[in-house]
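# Tertiary structure, described
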Amino acid sequence: MADPMTADPIAADPMTAGPMTAGPIIVGEHLAHRYGSGFHLHVENLALYAGKTYAVYGSNGSGKTTLLNILALLTLPQEGRILFEGRPVNGADPGRCRQYRRRVTLLMQHVYLFRSTVFDNVASGLRFRGMAKEAIEARVTGMLDKVGLRQFAHRPAHSLSGGEAQRAGLARALVTDPDVLLLDEPTASVDAAHGKQIEAILAETCRQRRMTVVLSTHQYDQAYRIADEVLTMRDGRMLEKGPENVFRGRIEESADGPVVKLDGGVTLRSDTTARGPAHIVISSQEIRLARPPARPPARPPRTPDAANTLTGVVTAAAVDGDRIRLDVDAGPHLDAEAGPNSDAASGPHMDVGPRADAPSGLRLTVHVARASFAGMGITVGDTVHAAIDASAVRAS
Amino acid sequence: MEYLYNGLQEAVRLLISGESGVYTIVGVSVFVAVSAILVASVMGLPAGYLLATRRFRGQRFVTTVLNTLLAMPTVVIGLFVYSLISRRGPLGFMELLYTPGAMIIGETLLALPIVAAFTLSAFRAVDSRISETALTLGATTAQTARTLISEARFGIMAAVVAAFGRVIAEVGAAMMLGGNIKGSTRTMTTAIALESNKGEFGLAIALGIILLLTAFGANILFHWLQGFDD
């Protein structure tokens, strides 16, 4: 808050007057929205903390845009509520909604620039807030400098290229100094060079201003490169929080059906119909853990429906709602007995484990229901067997 | 064909000298048309905006009626207003018949559907992201409306120009309501009708040239303005 422009109307906003709480800046509770097309968004719990960068990751049609539009109050959710600094905003009077929108802004995937100059476009948010002309001039010029568009200030906005337009849109959003910046696929419609530029601007500005950023993306690597936390969406739902088991790999055909060769050097059976390089997702709720017997047999136990069994060590355990979240390190340093399985006669079963030529292994996140966790008696440091169905190994 | 040639010569002479009250007639035409367009815009622009941005019952019906009114014959408008303001009509006491005021009423009724319908389609044509973008930037309802108007400004101007072109070139309502009184309600179109009846082609052709240029000018302006929306 050492900003020299604190005298401007944005800071004088009644909603900023409230004390900063340590709780989340935005909370979504039981958010639900249905479209006539049959699409149904349902997000049970969402908590966004100040100063953090979140990536909403998912394929097209997974509900990323709907979620962002709801968080920006462009779409009013049919059910549920949004709390900003602990106070509900949707369903509140229009004035409150506007105050919220002045602190939570959205950059749409396809930016619309007004029919005016680049300068006027970037100034529009400040003009809506009734800021003095000189202050606008100074802030807009500074922001145009930051995004590298200063020389275009007095050009018609419609003459900008796609990447420049995206940066102008970003500048227009950033110049209002929002507390929360929502970005819908900010780099999807620009080339790689512009994408890098936009990521750099975001990283710099958001760190400087302790801005909360929520960015949707269908690029797995971008999600993990930028975000402190990745929220994964599928079919309108948010998958369990925390690092999803997403790996880079290649899906290939083998004699026994499709196999996934992960970059870590581990090969898994899969039911997926996709082929070629892909991001592989293993749902953390579909991994079954078992304690190996006190005197281990020559191989990990075979369960009839498990196509893949890995051996690993539990490195962390944490309570996550009604589940326990375990981190399992199935790395190559483990002196497990399972090597690359050359025993083709063993049928659909495949033993997968550390290999001499594998540079690294798999770090798996596993969710176990509390009740069954208590029965398993697993603690941190234990060696476990993780069984993964072929159907649980999917291309993202 | 001799008389046509002579008429053309006479027309050029009149245009240069300004005799026979050529420019008075032009003045009355422009005054009536501009007044009618101003009144029609004050009512038609907000109507077009509301039709484009609000949802209400009977909206389709209103839109259909509006589009039908675009094809309203000007003599029917003349007849309608005449029946209202003639001495025996409900507004007869105002003694408006055969005054510029009567003509302005008629031309306003002619222009109103044009302004409203073209404004409606101008707002319908603008990008649906405009209001959303304004909202994400913290605009109030009034600021959002102003942004929309600003983005649709060329379409709105085109609506006004189109209405002007129709009003200045029509003869039916002007004749019936104005009565073609020299120096008061004689417009370019009514004068042309009268003068050619009398066989005085000079003045008719002179006014015809000005009318043609005005109509062409309005049309060119209209298409130029519409070109901004592509």
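Just so it is clear, the model here is predicted, and its values are computed rather than measured.

Let us look at the environment of tyrosine 220 of chain A. The residue tyrosine 220 of chain A is located in helix α7 (residues 220–226) in this model. Measuring from C-alpha to C-alpha, the distance between tyrosine 220 of chain A and valine 56 of chain A comes to 9.9 Å, with 164 residues separating the pair along the chain.

Here we come to the nonpolar core. In terms of nonpolar packing, the biggest core is built from 44 residues, with Val140, Leu144, Leu170, Leu181, Leu183 and Leu202 of chain A touching the most fellow members. Secondary-structure elements contributing two or more residues to this core are β3 (53–57), α3 (118–128), α4 (133–146), α5 (162–174), β7 (180–184), α6 (192–209), β8 (212–217) and α7 of chain A. By residue number, the principal contributor to this core is α5 of chain A, which donates 6 residues. Setting aside its immediate chain neighbours within four residues, leucine 202 of chain A contacts Leu170, Leu181, Leu183, Arg207 and Leu215 of chain A. Residues Leu96, Ile114, Val167 and Leu211 of chain B belong to the second largest nonpolar core, which totals 39 residues.

So, about the pattern of salt bridges. All names here are of chain A. Here the structure, examined in full by the defined rule, presents 18 salt bridges over all chains. Where glutamate 29 meets arginine 81, a salt bridge forms, and the shortest distance between an N and an O atom there is 2.9 Å. On the criterion of sequence distance, the pair formed by glutamate 29 in strand β1 (residues 26–34) and arginine 81 in strand β4 (residues 79–84) is long-range, its members being 52 residues apart. You can call glutamate 29 partly exposed: its relative accessible area is 21%. In this structure, arginine 250 and glutamate 252 form a salt bridge, with 3.3 Å as the shortest nitrogen-oxygen distance. Residue arginine 250 is classed as partly exposed on the basis of its relative accessible area, which comes to 40%. Given a relative accessible area of 24%, glutamate 252 falls into the partly exposed group. Several salt bridges converge on common partners, so that one network encompasses Glu85, Arg103 and Asp179.

Take the packing of aromatic side chains next. By the definition in use, this model includes 5 aromatic pairs over all chains. Ring centres of phenylalanine 84 of chain A and tyrosine 100 of chain A lie 5.3 Å apart, and the angle between their planes is 90°; this geometry places the pair in the edge-to-face category. Taken together, the residues span a long stretch of sequence, with phenylalanine 84 of chain A in strand β4 and tyrosine 100 of chain A in helix α2 (residues 94–101) at a distance of 16 residues. Just as phenylalanine 84 of chain A is buried, tyrosine 100 of chain A falls in that class too. With 5.0 Å between their ring centres and 75° between their planes, tyrosine 49 of chain B and phenylalanine 123 of chain B make a pair best called edge-to-face. Placement of the pair is tyrosine 49 of chain B in helix α2 (residues 22–53) and phenylalanine 123 of chain B in helix α5 (residues 100–125), with a sequence separation of 74 residues. Residue class for tyrosine 49 of chain B comes out buried when judged on its relative accessible area of 15%. Note on phenylalanine 123 of chain B: relative accessible area 7%, which makes it buried. One cation-aromatic arrangement involves arginine 172 of chain A over phenylalanine 114 of chain A; the distance from NZ or CZ to the ring centre is 5.0 Å.

Backbone hydrogen bonds are what pair the strands of a sheet, in a parallel or an antiparallel way. Residue and element names in this part refer to chain A. A sheet is described by the order of its strands in space; here 5 strands give the open sequence β13-β12-β11-β14-β21, paired in antiparallel fashion. Either end of the sheet is taken by a strand with one partner, and the two such strands are β13 (267–269) and β21 (393–395). Sheet twist, expressed as the average angle between the axes of neighbouring strands with direction ignored, equals 45°. The pairing of strand β14 (residues 276–282) with β21 spans 3 bridges and is classified as antiparallel. Paired with isoleucine 280 across the strands is alanine 395, a residue of β21.

All names here are of chain B. You will see that glutamate 95, though not glycine, has its phi angle at about 50°, which is positive. Mapping glutamate 95 onto the fold places it in the loop between α4 (74–85) and α5. Glutamate 95 sits in the exposed class, given a relative accessible area of 61%. At asparagine 180, a residue that is not glycine, the phi angle is positive and equals roughly 60°. Take asparagine 180: it is sitting in the loop between α9 (172–178) and α10 (188–198).

Looking now at the environment of threonine 24 of chain B. Residue and element names in this part refer to chain B. Positionally, threonine 24 belongs in helix α2. Residue classification places threonine 24 among the partly exposed residues on the basis of a relative accessible area of 44%. Sequence spacing of threonine 24 and lysine 182 is 158 residues, and the spatial spacing of their C-alpha atoms is 9.0 Å.

On the side of chain B, 19 residues touch chain A, which itself brings 19 residues to the contact. For the chain A and chain B pair, buried surface summed over both sides reaches about 1,800 Å², with 58% attributable to carbon and sulfur atoms. Of all residues in chain A, Tyr112, Arg115 and Phe128 of chain A bury the most surface against chain B, accounting for 41% of the area lost on that side. One can count 0 salt bridges joining chain A with chain B. Our enumeration of links across chain A and chain B arrives at 9 residue pairs in polar contact (both at pLDDT 80 or more). Contributing elements (two or more residues each) for the side of chain A that touches chain B: α2, β6 (104–107) and α3 of chain A. The biggest single contributor to the side of chain A that touches chain B is α3 of chain A, with 4 residues. Taken together, the residues of the side of chain A that touches chain B break down into 8 nonpolar, 4 polar and 7 charged.

Here is what the cut-offs are and how they apply
Residues numbered from 1 in each chain as written. Chains lettered and ligands numbered in written order. Predicted model: local features only at pLDDT ≥ 70, side-chain atom pairs only at ≥ 80, totals over all residues. Heavy atoms only, no water. Helix = DSSP H or I, 4+ residues; strand = E, 2+ residues; numbered from the N terminus. Core = buried A, V, L, I, M, F, W, Y, C linked by side-chain atoms within 4.5 Å. Buried < 20%, exposed > 50% of the residue type's maximum accessible area, 1.4 Å probe, protein only. Contact = heavy atoms within 4.5 Å. Salt bridge = Lys/Arg side-chain N within 4 Å of Asp/Glu carboxyl O. Phe/Tyr/Trp six-rings, centres within 6.5 Å; stacked < 30°, edge-to-face > 60°. Lys NZ or Arg CZ within 6 Å of the ring centre and 35° of its normal. Pairing = 2+ DSSP bridges. Axes fitted to C-alpha atoms, helices over the stretch in contact; angles between N-to-C directions. Buried area = accessible area lost by both parts, 1.4 Å probe. Polar contact = N/O pair within 3.5 Å; in protein donor to acceptor, adjacent residues only side chain to side chain. Nonpolar A, V, L, I, M, F, W, Y, C, P; charged D, E, K, R; others polar.

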